[in-house]
Amino acid sequence: MMNSKKNKALTPEKFTDISVKKPYKNSAGFQSIKSAITQISKYTRVKDGVKLSLKINQKGGFDCPGCAWPDPDDERSSIGEYCENGIKAIAEEAQKNTIDNTFFKKHSVEELATWTDFEIGKSGRLAEPMFLAEGATHYQSISWEEAFSKVGTHLNALNNPDEAIFYTSGRTTNEAAFLYQLFVREFGTANLPDCSNMCHEASGSALSETLGIGKGSVTLDDLYKAEVVMVIGQNPATNHPRMLSALEKCKKNGGKIIAVNPLPEAGLLKFTNPQDPIKMLTGGKQIADVFAQVTINGDVALFKTILLKLLEKEEETAHVFDKDFIEKHTFGYEAFIADLKTYNFNDCLKASGIDEDTFNAIFNLILNHNKIIICWAMGLTQHQNAVDNIREVVNLLLLKGSIGKEGAGTCPVRGHSNVQGDRTVGIWEAAPQAFLDKIEAKYGFKPTTKHGYAVIDAIKAMYENKAKVFFGLGGNFISAVPDTVYASQALQNCNLTVHVSTKLNRSHLVTGKEALILPCLGRTEKDYQKTGLQIQSVENSMGIVSATKGVLEPCSKDLLSEVAVVCGIANATLSAKSKIDWLAYKDDYTLVRNDIAEVVSGFKDYNTKLQKPSGFYLPNGARERQFNTKTGKANFSINKMPTWKLKNDELVMMTIRSHDQFNTTIYGLDDRYRGVYNERRIIFMNKDDMKARGLKELQVVNLKSEFNGVTRCANNFKVVGYNIPKNCCATYFPETNVLVPLDNFAHTAKTPASKSIVITIEA
Ligand SMILES: Nc1nc2c(c(=O)[nH]1)N[C@H]1C(S)=C(S)[C@@H](COP(=O)(O)OP(=O)(O)OC[C@H]3O[C@@H](n4cnc5c(=O)[nH]c(N)nc54)[C@H](O)[C@@H]3O)O[C@H]1N2
Ligand SMILES: Nc1nc2c(c(=O)[nH]1)N[C@H]1C(S)=C(S)[C@@H](COP(=O)(O)OP(=O)(O)OC[C@H]3O[C@@H](n4cnc5c(=O)[nH]c(N)nc54)[C@H](O)[C@@H]3O)O[C@H]1N2
Ligand SMILES: [Mo]
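About the thresholds
Residue positions are given per chain, counting from 1 as you read along its sequence in written order. For naming, the first written chain is A and the first written ligand is 1, with later ones following in the order written. Under the rules for a predicted model, residues below a pLDDT of 70 receive no local features and side-chain atom pairs below 80 are neither given nor counted, while totals for whole chains, interfaces and linings still include all residues. Excluded from the side-chain calculation are hydrogens and water; included are all heavy atoms of the structure. UniProt positions are given in the numbering used here, feature names are shortened, and annotations may be inferred rather than shown by experiment. The numbering of helices and of strands both runs from the N terminus, where a helix is a DSSP run of H or I of at least 4 residues and a strand a run of E of at least 2. To be near a molecule or strand, a residue needs just one of its heavy atoms within 4 Å of it. Any N or O atom pair separated by 3.5 Å or less is treated as a polar contact, with the protein-specific requirement of one donor-capable and one acceptor-capable atom, and with residues adjacent in sequence counted only for side-chain atom pairs. The protein chains shown are the only cover counted for residues, whose accessible areas, like all others here, come from Shrake-Rupley with a 1.4 Å probe. Throughout this entry, Asp, Glu, Lys and Arg are counted as charged residues, while Ala, Val, Leu, Ile, Met, Phe, Trp, Tyr, Cys and Pro are counted as nonpolar. The remaining residues, Gly among them, count as polar. An automatic or database domain assignment provides the domain bounds reported here. By convention, a stacked pair of Phe, Tyr or Trp rings (six-membered ring in the case of Trp) has centres within 6.5 Å and planes under 30 degrees apart, an edge-to-face pair has planes over 60 apart, and any other such pair is tilted. Exposure classes here rest on a 1.4 Å probe applied to the protein chains alone. A residue is buried below 20% of its type maximum, exposed above 50%, and partly exposed in between. For a lysine, the NZ atom is tested; for an arginine, the CZ atom; a charge sits over a ring if that atom is within 6 Å of the ring centre and within 35 degrees of the ring normal. Buried residues of nine kinds, namely Ala, Val, Leu, Ile, Met, Phe, Trp, Tyr and Cys, make up a nonpolar core once their side-chain atoms join them within 4.5 Å. Throughout, a residue-residue contact means that at least one pair of heavy atoms, one from each residue, lies within 4.5 Å. Working rule for helices: expected span equals 1.5 Å times residues minus one. By definition, the buried area sums, over both parts, the 1.4 Å-probe accessible area that each loses when the two are put together. What counts as a salt bridge is simple: a side-chain nitrogen of Lys or Arg found within 4 Å of a carboxyl oxygen of Asp or Glu. Strands qualify as paired when DSSP identifies two bridges or more between them. Here an angle of 0 to 180 degrees is reported between the N-to-C directions of two axes, which are lines fitted to C-alpha atoms, with helices fitted over the stretch in contact. Oblique is the label for any angle not covered by the other classes, which are roughly parallel (under 35 degrees), roughly antiparallel (over 145) and roughly perpendicular (65 to 115). Two helices that cross are described as forming a left-handed crossing if the nearer one is turned anticlockwise from the farther one by less than a right angle, and a right-handed crossing if clockwise.

As annotated in an unreviewed UniProt entry, the protein chain carries the name CbbBc protein and comes from Neotamlana sedimentorum. UniProt lists a comment for the protein chain under the heading Sequence similarities (unreviewed entry), and it reads "Belongs to the prokaryotic molybdopterin-containing oxidoreductase family."

## Here's the deal with unusual backbone geometry
Omega for the peptide link from F733 to P734 comes to 10 degrees, which places this bond in the cis form. Tracing the chain through its elements places P734 in the loop between β32 (728-732) and β33 (757-762). Even without glycine at this site, D483 takes up a positive phi of about 55 degrees. Take D483: it is sitting in the loop between α24 (477-480) and α25 (484-492).

## What to know about the site of ligand 2
Every one of the 30 residues lining ligand 2 counts as a neighbour, but Y167, S169, A480, E562 and T664 are closest to it. Take R171: an N or O atom from its side chain is 2.9 Å from a nitrogen atom of ligand 2. The contact in question runs from an oxygen atom of ligand 2 to an N or O atom on the side chain of H416, over 2.9 Å. Across the complex, the protein chains shield 96% of the 930 Å² of accessible surface that ligand 2 would expose by itself. Considered class by class, the residues forming the shell around ligand 2 number 10 nonpolar, 15 polar and five charged. Shared between two domains, the shell around ligand 2 takes at least three residues from each, and those domains are domain 1 (4-25 + 648-762) and domain 2 (99-198 + 423-619).

## Examining the packing of aromatic side chains
The tally for this structure, following the rule as stated, stands at 28 aromatic pairs. Note on F166 and F183: the rings are 5.8 Å apart at their centroids and 85 degrees apart in plane angle, and the pair reads as edge-to-face. Of this pair, F166 sits in strand β7 (residues 164-168) while F183 sits in helix α8 (residues 174-187), and the two are 17 residues apart along the sequence. In this structure, F166 and F183 share a single accessibility class: buried. Against the face of Y677 rests K21, its NZ or CZ located 4.5 Å from the ring centre.

## Concerning the nonpolar core
Among the nonpolar cores identified, the biggest contains 60 residues, and M230, I306 and I374 are the most heavily contacted of them. Setting aside residues no more than four positions away along its own chain, I374 makes contact with M230, I232, F303, V393, L396, L397, G409, T410 and C411. Of all hydrophobic cores here, the second largest spans 58 residues; its members include V563, V566, A570 and V600.

## A short note on α8
The terminal C-alpha atoms of α8 lie 20 Å apart, and with 14 residues this matches the ideal 20 Å at 1.5 Å per residue to within 8%. With 14 of its 14 residues buried, α8 lies for the most part within the structure. Of the residues trailing α8, G188 is marked for its positive phi of about 125 degrees.

## Quick look at the site of ligand 1
Around ligand 1 sit 32 residues, and of these N261, E265, D299, Q661 and N663 come closest. In the environment of ligand 1, an oxygen atom lies 2.6 Å from a nitrogen or oxygen atom belonging to the side chain of E265. When isolated, ligand 1 has an accessible area of 910 Å², and the protein chains bury 99% of it. Only α11 (236-239), α19 (378-381), β25 (651-656) and β26 (661-662) provide two or more residues apiece to the shell around ligand 1. When its residues are assigned to classes, the shell around ligand 1 shows 13 nonpolar, 15 polar and four charged.

## Some words on the domain arrangement of the protein chain
On domain assignment, one finds that the protein chain holds domain 1 (4-25 + 648-762), domain 2 (99-198 + 423-619) and domain 3 (201-412). One C-alpha centre belongs to domain 1, the other to domain 3; they are set 27 Å apart. Taken together, the contact between domain 1 and domain 3 spans 30 residues of the former and 30 residues of the latter. For the domain 1 face of the interface with domain 3, the top three residues by lost area are K25, H747 and K755, together amounting to 24%. Our enumeration of links across domain 1 and domain 3 arrives at one salt bridge. Residue R674 pairs with E265 through a salt bridge whose shortest N-O separation is 2.8 Å. The interface formed by domain 1 and domain 3 contains 10 residue pairs in polar contact (both at pLDDT 80 or more). A total of four residues in the side of domain 1 that touches domain 3 trace back to one element, the largest contributor, which is β25.

## Here's the deal with the side chain of S637
Relative to the helices and strands, S637 is located in the loop between β24 (634-635) and β25. S637 has contacts with T210, F336, R391, E392 and N395, leaving out every residue within four places of it along the chain.

## Considering the sheet that holds strand β12 (residues 290-292)
A sheet is described by the order of its strands in space; here five strands give the open sequence β12-β9-β8-β14-β15, paired in parallel fashion. Two strands in the sheet have a free side with no partner beyond their single neighbour: β12 and β15 (409-412). Taken over all neighbouring pairs, the strand axes of this sheet differ in orientation by 15 degrees on average, direction set aside. Taken together, the five bridges between strand β8 (residues 228-232) and strand β14 (residues 372-376) define a ladder with parallel strand orientation. Its bridge partner lying in β14, I232 is registered against W376. Against the sheet, helix α18 (residues 356-367) engages β8, β9 (256-260), β12 and β14, with an angle of about 125 degrees to β12. Its contacts with the sheet place helix α20 (residues 386-399) against β14 and β15, and it is angled at close to 170 degrees to β14.

## Describing α20
For α20, with 14 residues, the first-to-last C-alpha span of 21 Å sits near the 20 Å given by 1.5 Å per residue. α20 sits mainly inside the fold: 14 of its 14 residues count as buried. Within two residues after α20, G401 carries a phi angle of roughly 60 degrees, on the positive side.

## Description of the packing of helix α14 (residues 299-317) against α18
Where α14 contacts α18, the axes come no closer than 10 Å and their chain directions differ by 55 degrees. The orientation of α14 relative to α18 falls into the category oblique. Viewed along their axes, α14 and α18 form a crossing whose handedness is right-handed. In contact with T305, I306, K309, L310 and K313 of α14, α18 contributes F359, I362, F363, I366 and L367. Split into classes, the residues belonging to the contact of α14 with α18 amount to seven nonpolar, one polar and two charged.

## Examining the pattern of salt bridges
By the definition in use, this model includes 43 salt bridges. A salt bridge links K328 to D324, with the shortest nitrogen-to-oxygen separation between them at 3.5 Å. With K328 and D324 both in helix α15 (residues 323-329) and four residues apart, this pair spans about one turn of that helix. Residue classification places K328 among the exposed residues on the basis of a relative accessible area of 53%. D324 sits in the exposed class, given a relative accessible area of 51%. Via salt bridges that share partners, E84, K88, D660 and R672 belong to a single interconnected network.

Right, here's the structure in full:
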């Protein structure tokens, strides 16, 4: 059994006085404006908060550091492209409190680890570089120069460059990300794990293989024009609230919305647009025309039922499939149909967990329309068969010819605001050879062609002492990754752990022998360099690259930009050996963009194109029916239906986000739409499953997961009876990451299966 006692990596087991009310059906509306105003007034200087609210996602303003949902190309609302959780994201970044040497003198690492993530996050913005010496109990301040030199010394002392790990979280801008991967490759490794390894990696794998591009194919305009939009495995009211305005517009144009989710998430059911004063008074509008309450991981089964019935109708009428498209543009149709025929409709329907009426409602919408968009997020990507989930999405779209035309296509809804851009500019442990060749041609060094570690392999390498330095450009590695206890050992095996961060987080407390915290500017802050105020750029979920420019003065004069940090470290590590003038880039970011334009396709005239306020689209083959796959066509694929064999007392658990968090950053303790207030240590359960175990509402339980003979435990959770399918349950991430086995991941993509963990419950 994994020992989880007093591990600094684990969230403290204390309760916070829960109250439970009826879940919401409606999302946004007055409560959401109230909640946003509370965040602004509690945690920021009010004038900063107002300034930010007016500039968020406006042309010439800054890109919201929250999610990656795109902004409308033309008209933008005058009160800001508003969303409650966007406001919370900026309120978090623009906190009025800062923490420096005085704070760290007062609080030891040991003490800070006993704070909840909420308390840690609200301590304030990091204001100066900090160093934790070997054996020390407290961080102490350190100059930037010394910090850079420490990193350089540690890196140069390694036996080989593959002993260093360079993690990235998806807020990093294109400019910083490009320089970072360039430094890592010149240093000599491809160990570039990033948050997308835990996020949409399965989408990338499945879409590259089937459609030749690891990104979605649709634009916002397509969403407005779609006849049917399926939102599957995603909770937009919380995680991509502005998406609901797009769905509302689609409905206004006559489109129909299908929601597929184990939970009846608010907003999918009803939504009050906070930008529409009339609607605010008259109440919200129903968004989903059909809600299918699938069982966790019942999605392949659901797709098979739809595919089987479509095939049946096609065989009757010959008017269901887009045969012209299939013939011209696809590969593998016959083999796919032959495999499909081996499945039985009733078995699939049963496995999906939905009833026949709901099935018929979905089926008729799909049957009778040809402009279909499927949107998805973590509910599809975080399973063992995540890649299969997404390939089934593609199979359905291909049969209907619903790709590469107006109002149709794939829409993986990305998480972090620039996670897609980071990959585009080279944050990739398995970058394509063509990209590496361009690096070699431009800079005159040969990047390693050996694939580096993604997240799971990076953790193993540190655990097994094969890696000795961990460097994180943003993010909160220990709280984001699976298998918290194992991962904490991995990090503690390192000689040095370094985090470039805006805010204190748990990863600063679970360290190697030595540790550094390097505080950086956030998206909302002005970035002054030698040649003046700099802009940076990001790519959203729909492949649009646009500029972002901070509006506030930096919260401390001791902050550097991420670009400057990367340049400083590269210079200190590679110095005279380097073929690159690292320090020049930090003075003038247009130089970085000139390089990106040469090395990354789609960025020609980058600096000029960025001047266009709404940004520019990157090339997207699938959008044009140019499928850059091995076969040169869009590929059908064959996917097995998962077979779950739960023992009597076992449940499948999904780890999800509450309404008051951004990943590991906890904005507050409420999950308003689901009716849970002031508590995160809860488990949502079906009332029948509670009864079968003799569990009462709010009873305290311990959770156990068993995988390959290892038992993992998470203690002290309160049971909340909820409308969730039988044999399924839900908890919040990161509190239960300790239960997610490192080796339980998606085939091909290695995305941790954080949405299908088998657990048992102990009263
Ligand atoms: N405010 C806010 N915004 C965010 C984030 C945040 O934490 N807070 N995080 C950002 C990031 S990095 C990401 S990746 C996205 C995440 O956005 P989401 O993917 O929406 O986030 P999750 O909470 O993980 O929700 C997954 C949804 O999938 C459902 N689900 C779980 N398992 C299954 C399944 O087997 N089948 C189906 N059909 N559904 C399932 C859950 O009930 C839940 O509604 O949001 C981004 N935006
Ligand atoms: N069990 C479970 N685990 C999951 C998930 C799940 O659904 N279930 N979701 C996964 C997903 S989808 C993702 S994307 C990952 C997220 O993994 P990460 O991206 O590693 O985590 P975040 O919580 O987004 O990182 C927050 C930290 O980033 C820093 N930060 C914020 N803004 C900036 C900035 O502008 N610059 C810099 N340098 N630092 C900044 C702050 O210090 C903050 O504490 O977690 C994954 N883990
Ligand atoms: Mo994510």
